[in-house]
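# An overview of the molecular structure
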Amino acid sequence: MGNSLKAVLAFVPSNKCQKYLLEDLEEMPVDKMVDLSGRQMRRLPVHICSFRELVKLYLSDNNLNHLPPELEQLQNLQILALDFNNFKALPLVVCTLKQLCILYLGNNKLCSLPLELRLLQNLKTLWIESNCLQHLPEVVCELSLLKTLHAGSNALRTLPAQLQCLQELRTIWLSGNLLSEFPPVLLDMPFLEVIDVDRNSIQFFPSLAHLPGLKLVIYDHNPCRNAPKVAKGVRRVGRWSEETPEPRKRSGAVIEITLNKKPLLPPAAKTEPE
């Protein structure tokens, strides 16, 4: 079926036309994954919600702005991709899916997140990049198992102090925001491994040499006058990054940290839960 025909049918709200967009998807696949990305759908056919053992549901790159309440039936869902749609608000039914580990919300029109998001206590990865967020919603700070937060390309100027409560957080991506200073709360998060503040408005970087878990800091494309000091072995990406980093000293000894793996840059493809 050609894309032009799909585009026409996407405007027709009847169940028959919307179901036609799904082609031959009548039963749940053996791998418990449904990928409906790029179907130009304007609503999710309700019969998908009858696949109660579904683990992965990809709805990226459609024209969705709401979800049916029947989605609550998918209580085994671990991955939900809603990126590249037209959501102005996160449908509350998403917050009933308590087994979610990975939630993709990037490239929508979100200005906030509902307090009900705190119910997703198994969430480990949250993508909220390329939305309309002027503040990082404080409810994110209640996701105690969160390990990866992608919040780039918004309009963030600060980060809430409560973020340091996320002691499982290891990577935070903040590129393309409006940060005028390095977020102070990140200085109190010794467990962070990757910090990305590329493409902001930061003019001065404090020392990051005291962060024992840090492996990579990306600070390029800022009007900074200095490079952040880091412990030996920590990878830096930005101006003056070739300067000798500051060694970490402990009890008079210098302890080197080696980075054997490649830099943990944002993955091009969607990840699986650990």
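Residues numbered from 1 in each chain as written. Predicted model: local features only at pLDDT ≥ 70, side-chain atom pairs only at ≥ 80, totals over all residues. Heavy atoms only, no water.

### Points about the sheet that holds strand E7 (residues 171-173)
- Read from one edge of the open sheet, ten strands run E1-E2-E3-E4-E5-E6-E7-E8-E9-E10, paired in parallel fashion. Each end of this open sheet is capped by a strand with a single partner; those strands are strand E1 (33-35) and strand E10 (235-237). The sheet shows a mean angle of 5 degrees between the axes of neighbouring strands, taken without regard to direction.
- As paired elements, E7 and strand E8 (residues 194-196) share three bridges and run parallel to each other. Counted as the bridge partner of Ile172 is Ile195 from E8. (Pairing = 2+ DSSP bridges. Helix = DSSP H or I, 4+ residues; strand = E, 2+ residues; numbered from the N terminus. Axes fitted to C-alpha atoms, helices over the stretch in contact; angles between N-to-C directions.)

### Focus on the pattern of salt bridges
- Taken as a whole and assessed by the stated rule, the structure comprises two salt bridges.
- For Arg118, the salt bridge goes to Glu142, with nearest N and O atoms at 2.8 Å. You can see Arg118 sitting in the loop between strand E4 (102-104) and strand E5 (125-127) and its partner Glu142 sitting in the loop between E5 and strand E6 (148-150), a full 24 residues away along the chain.
- In this structure, the salt-bridge partner of Asp198 is Arg199, at a minimum N-O distance of 3.7 Å.
- Judged by relative accessible area, Asp198 falls into the buried class, the value being 13%. (Salt bridge = Lys/Arg side-chain N within 4 Å of Asp/Glu carboxyl O. Buried < 20%, exposed > 50% of the residue type's maximum accessible area, 1.4 Å probe, protein only.)

### A short note on the packing of aromatic side chains
- The final tally for this structure, using the stated rule, is three aromatic pairs.
- Ring centres of Tyr104 and Trp127 lie 5.3 Å apart, and the angle between their planes is 45 degrees; this geometry places the pair in the tilted category. Here the residue Tyr104 occupies a position in strand E4, and Trp127 occupies one in strand E5, the gap between them amounting to 23 residues. Here Tyr104 matches Trp127 in class, with each residue buried.
- Grouping aromatic residues by their ring pairs yields a cluster made of Phe182, Phe205 and Tyr219. (Phe/Tyr/Trp six-rings, centres within 6.5 Å; stacked < 30°, edge-to-face > 60°.)

### Here we look at unusual backbone geometry
- Its identity as a non-glycine residue notwithstanding, Gln40 has a phi of 60 degrees, on the positive side.
- Among the secondary structure elements, Gln40 is positioned in the loop between E1 and strand E2 (56-58).
- Judged by its relative accessible area of 23%, Gln40 is partly exposed.
- Positive phi is not limited to glycine here, since Arg199 has a value of about 60 degrees.

### A word on the side chain of Asn177
- Tracing the chain through its elements places Asn177 in the loop between E7 and E8.
- A polar side-chain atom of Asn177 sits 3.0 Å from the main-chain carbonyl oxygen of Leu174.
- Excluding its chain neighbours within four sequence positions, the residues that come into contact with Asn177 are Ala151, Gly152, Ser153, Asn154, Ala155, Leu156, Arg199 and Asn200. (Polar contact = N/O pair within 3.5 Å; in protein donor to acceptor, adjacent residues only side chain to side chain. Contact = heavy atoms within 4.5 Å.)

### Examining the side chain of Asn108
- Take Asn108: it is sitting in the loop between E4 and E5.
- For Asn108, a relative accessible area of 8% corresponds to the buried category.
- At a separation of 3.3 Å, a polar atom in the side chain of Asn108 contacts the main-chain amide nitrogen of Asn85.
- Among residues more than four places away in sequence, those in contact with Asn108 are Leu82, Asp83, Phe84, Asn85, Asn86, Phe87, Ser130 and Asn131.

### Concerning the confidence of the model for the protein chain
- Across the protein chain, the average pLDDT comes to 87, with 80% of residues at or above 70.
- Below pLDDT 50 for its whole length, residues 247-265 participates in 31 contacts with residues either more than four positions away or in separate chains. (pLDDT = per-residue confidence, 0-100.)

### What about the environment of Thr96?
- Tracing the chain through its elements places Thr96 in the loop between strand E3 (79-81) and E4.
- On a C-alpha basis, the gap between Thr96 and Glu116 in space is 8.4 Å, while along the polypeptide they are 20 residues apart.
- Setting aside residues up to four positions removed in sequence, Thr96 forms contacts with Glu72 and Gln75.

### Here's the deal with the environment of Gly106
- Examined against the element boundaries, Gly106 turns out to sit in the loop between E4 and E5.
- It is 6.4 Å that separates the C-alpha atoms of Gly106 and Phe84, two residues lying 22 residues apart in sequence.
- Gly106 has contacts with Asp83, Phe84, Trp127, Ile128, Glu129, Ser130 and Asn131, leaving out every residue within four places of it along the chain.

### Section: the state of the cysteines
- Under the defined criterion, the tally for this structure stands at zero disulfides.
- Cys132 supplies the cysteine sulfur nearest to Cys111, a cysteine that is in no disulfide, at a spacing of 4.6 Å.
- Residue Cys111 is classed as exposed on the basis of its relative accessible area, which comes to 53%. (Disulfide = S-S within 2.5 Å.)

### Things to note about the environment of Lys109
- Mapping Lys109 onto the fold places it in the loop between E4 and E5.
- On a C-alpha basis, the gap between Lys109 and Ala89 in space is 7.5 Å, while along the polypeptide they are 20 residues apart.
- The residues touching Lys109, leaving out its near neighbours within four places in the chain, are Asn86, Phe87, Lys88, Asn131 and Cys132.

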